[in-house]
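So the chains spell out like this:
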Amino acid sequence: MKQNKINYDKINYGFSLLKMLMAFEVLLGHFADWSQYDPRIVWPFRELVSLAVPSFVIMSFYLTERSFLNRDDEKFKVRFKKLLIPQIAWAFIYYIIYALIDLFMHKKLHSGITDLFWQILTGHSSYLNPSMWYQFDIIITTVLFFLVFRQIKDNKKAYCGLLIITLFCYILQFSGVNRALFGEMIFELKYPLGRIIEMIPFATIGFSLRYFDVFEKLKKYRWIVMVLCVALFLLGFHIPWPELKDFGFAGFAKPYLALCIVTFAFLTPLEKLSLPIKKAIIKISDYSLGIYCIHRLINTLLKVFIPSISLQSFERCVLLYIICYFICFLIDLLPDKNTKLLVN
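Position labels on residues start from 1 in each chain and follow its written sequence. Confidence filtering applies because this is a predicted model: local features only for residues at pLDDT of at least 70, side-chain atom pairs given and counted only at 80 or more, and all residues used for totals across whole chains, interfaces and linings. Side-chain metrics in this entry use all non-hydrogen atoms of the structure; hydrogen atoms and water are not considered.

Novice: Can you walk me through unusual backbone geometry in this structure?
Specialist: Peptide bonds are, in most cases, trans, and in most cases residues other than glycine have a negative phi. Backbone geometry places D213, a non-glycine residue, at a positive phi of 50°. Mapped onto the secondary structure, D213 falls in the loop between α11 (196–211) and α12 (214–218). Partly exposed describes any residue whose relative accessible area lies between the buried limit of under 20% and the exposed limit of over 50%, with all areas from a 1.4 Å probe on protein chains only and scaled to the type maximum. Classification of D213 as partly exposed rests on a relative accessible area of 28%. For Y287, which is not glycine, the phi dihedral falls at a positive 70°. Numbering goes from the N terminus for both helices and strands, where a helix is a DSSP run of H or I of at least four residues and a strand is a run of E of at least two. Within the secondary structure layout, Y287 lies in the loop between α15 (275–284) and α16 (288–305). Y287 gets classed as buried once you look at its relative accessible area, which sits at 2%.

Novice: Honestly, α16 in this entry has me stumped. Any pointers?
Specialist: In an α-helix, one turn spans 3.6 residues; hence positions three or four apart end up facing the same way. Here the expected span of a helix is defined as 1.5 Å times the quantity of residues minus one. With 18 residues, α16 extends 25 Å between its outermost C-alpha atoms, agreeing within 8% with the 26 Å of an ideal straight helix rising 1.5 Å per residue. The bend at a residue is defined as the angle formed between two axes, one fitted to the seven residues ending at that residue and one fitted to the seven starting there. Where α16 bends most, the angle comes to about 50°, and this point is I294. Most of α16 is tucked away: 14 of the 18 residues are buried.

Novice: What's the story with helix α17 (residues 313–333) in this structure? I'm lost.
Specialist: A rise of 1.5 Å per residue sets the reference length of α17, with its 21 residues, at 30 Å; its end C-alpha atoms lie 30 Å apart and thus fit the reference within 8%. The set of residues buried in α17 consists of S313, R316, C317, L320, Y321, C324, Y325, C328, I331 and D332. Contacts are assigned to residue pairs with any non-hydrogen atoms lying within 4.5 Å of each other. Packed against the buried residues of α17 are α1 (13–31), α5 (73–105), α15, α16 and α18 (337–340).

Novice: In this structure, what is going on with a nonpolar patch on the surface? I would like to understand it.
Specialist: A cluster of nonpolar side chains, contributed by I88, F92, I96, L100, L103, F104, M105, F305 and I306, occupies part of the molecular surface with about 870 Å² of accessible area. Within the secondary structure layout, I306 lies in the loop between α16 and α17. Residues forming no salt bridge and having over 30% relative accessible area are the ones grouped into patches, like charges within 9 Å of each other and nonpolar side chains (Val, Leu, Ile, Met, Phe, Trp, Tyr) within 5 Å. To be clear on the numbers: accessible area is Shrake-Rupley with a 1.4 Å probe, and residue cover counts the displayed protein chains and nothing else. By definition, a salt bridge exists where a carboxyl oxygen of Asp or Glu is found within 4 Å of a side-chain nitrogen of Lys or Arg.

Novice: Honestly, the layout of surface pockets in this entry has me stumped. Any pointers?
Specialist: One water molecule sets the probe size; rolling that probe over the atoms shows where empty space is left. By volume, the second largest pocket is sized at about 350 Å³. Considering the residues around the second largest pocket, the lining is formed by 17 residues, among which L18, L21, L48, I261 and F264 are closest to the centre. Listing elements by their share of the lining of the second largest pocket, those giving two or more residues are α1, α2 (39–48), α13 (222–236) and α14 (253–267). Here the lining of the second largest pocket gets six residues from one element, more than from any other, and that element is α1. Throughout, the protein atoms alone are placed on a 1 Å grid, and a set of points is a cavity if a 1.4 Å probe fits but cannot get out or a pocket if it is open with protein on both sides within 12 Å along at least five of seven lines; lining residues have an atom within 4 Å of a point. Grid points are joined across faces, edges and corners, and a volume is the space filled by probe spheres set on the points.

Novice: How should the nonpolar core be read in this particular structure?
Specialist: Most often, soluble globular proteins have nonpolar side chains that are buried together. The definition of a nonpolar core used throughout is a set of buried Ala, Val, Leu, Ile, Met, Phe, Trp, Tyr and Cys residues joined through side-chain atoms within 4.5 Å. Ranked by internal contacts, the top residues of the largest apolar core, which has 87 residues, are F15, V57, Y134, F149, F207 and I291. If sequence neighbours within four positions are ignored, F207 has contacts with F61, Y62, E65, F68, L69, F145, F149, Y159 and L162.

Novice: Quick question: what am I supposed to make of the pattern of salt bridges here?
Specialist: Oppositely charged side chains may form a pair once their charged atoms are brought near each other. Scanning the model with the defined rule gives nine salt bridges in all. Residue E74 pairs with K77 through a salt bridge whose shortest N-O separation is 3.6 Å. Here K77 and E74 lie together in helix α5, a separation of three residues that amounts to about one turn. Neither residue differs from the other here; E74 and K77 are each classed as exposed. When the shortest N-O distance is used, the salt bridge between K340 and D332 registers 3.7 Å. Look at K340 and you get partly exposed, because its relative accessible area is 22%. The exposure class assigned to D332 is buried, which follows from its relative accessible area of 7%. By sharing partners, the salt bridges in this structure join E65, R66 and D213 into a single network.

Novice: Which parts of the structure should I look at to understand the packing of aromatic side chains?
Specialist: Any aromatic ring pair is given by two values, namely how distant the centres are and how the planes are angled relative to each other. When two rings of Phe, Tyr or Trp (its six-membered ring) have centres within 6.5 Å they constitute a pair, described as stacked for plane angles under 30 degrees, edge-to-face for angles over 60, and tilted for the intermediate range. Under the definition given, this model contains 39 aromatic pairs. Ring centres 5.8 Å apart and planes at 35° place the aromatic pair W133 and F249 in the tilted group. Note that W133 is positioned in helix α7 (residues 133–151) and F249 in the loop between α13 and α14, a separation of 116 residues in sequence. Residue W133 shares its accessibility class with F249, and that shared class is buried. Ring geometry for Y191 versus F247: centroids 5.9 Å apart, planes at 85°, classification edge-to-face. Note that Y191 is positioned in helix α10 (residues 187–194) and F247 in the loop between α13 and α14, a separation of 56 residues in sequence. Take Y191: its relative accessible area is 22%, and that puts it in the partly exposed class. Any Lys NZ or Arg CZ found within 6 Å of a ring centre and within 35 degrees of that ring's normal is scored as a charge over the ring. Sitting over the ring of W133, R195 keeps its end group 4.4 Å from the ring centre. Seen from the ring of Y62, R210 lies directly overhead, with NZ or CZ sitting 5.5 Å from the centre.

Structure representation (structure tokens):
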């Protein structure tokens, strides 16, 4: 990403920092052992783990809202390619590296070609990189949104179509039908398919925020709204939300809490910072996609080649994040545009 092509006035730096934080939360969610720490100290990090994916989805569909309204087939193809290449390429990368380690070091990091099949198809092979269910669900949700606006030419009617689909998703969640449909499937299908119904509401929230320019309208009240976001976020942990048998993201609690976080991040007045600081924020917050895709691989390589590293889980995640960032930075230096899509 070349700096002379960046319009620094159009970037929301709160979103940039939030993406970095949530990428780190993903690592904590997968590798942190919270019992090692004082609960009062790690409470913010522990609670944010489950809000990383919701925050990512809301921001993603906020930022891509115009692409759906424009109904541009060529731009959709570019967007689809940008989503599909990491899904497929990282599946092969994981599979090849694990196969080589199995061959030369006699480990058991994968069970066969079926792992590659599921990793490509649903992003959820238990042996390779099950975190990529997220990419699979984003692809499906993006295609759904595009089809709605492609088939319904009137924006208001198309948006009403999204609301109807979202309402239907909540009916499936609260009725238990979604769990019943997918809960007994094999691991590689259960979560990627079951979570589609849970991701669509987050996507609709993000789309709606941009569609009605909610954040822009709130800017003149930003300090009041930011204080309210903090208060409502803390209040959210005391609301008796209905308990659901779900796949981790159903119900109203996570949309509520994630909305507070995303709103606070957007309204934070970082646009007033100096240009050098803005450039620094962009640089340090880059590669959230690449870090998400590669973190399980790097953790496995650390276990295989440097098993003697003695770090508590939080510190290990910090080290893991730094290594992932550095590798993504190196990948981004490669001249091939498709290779850059693996991390950006």
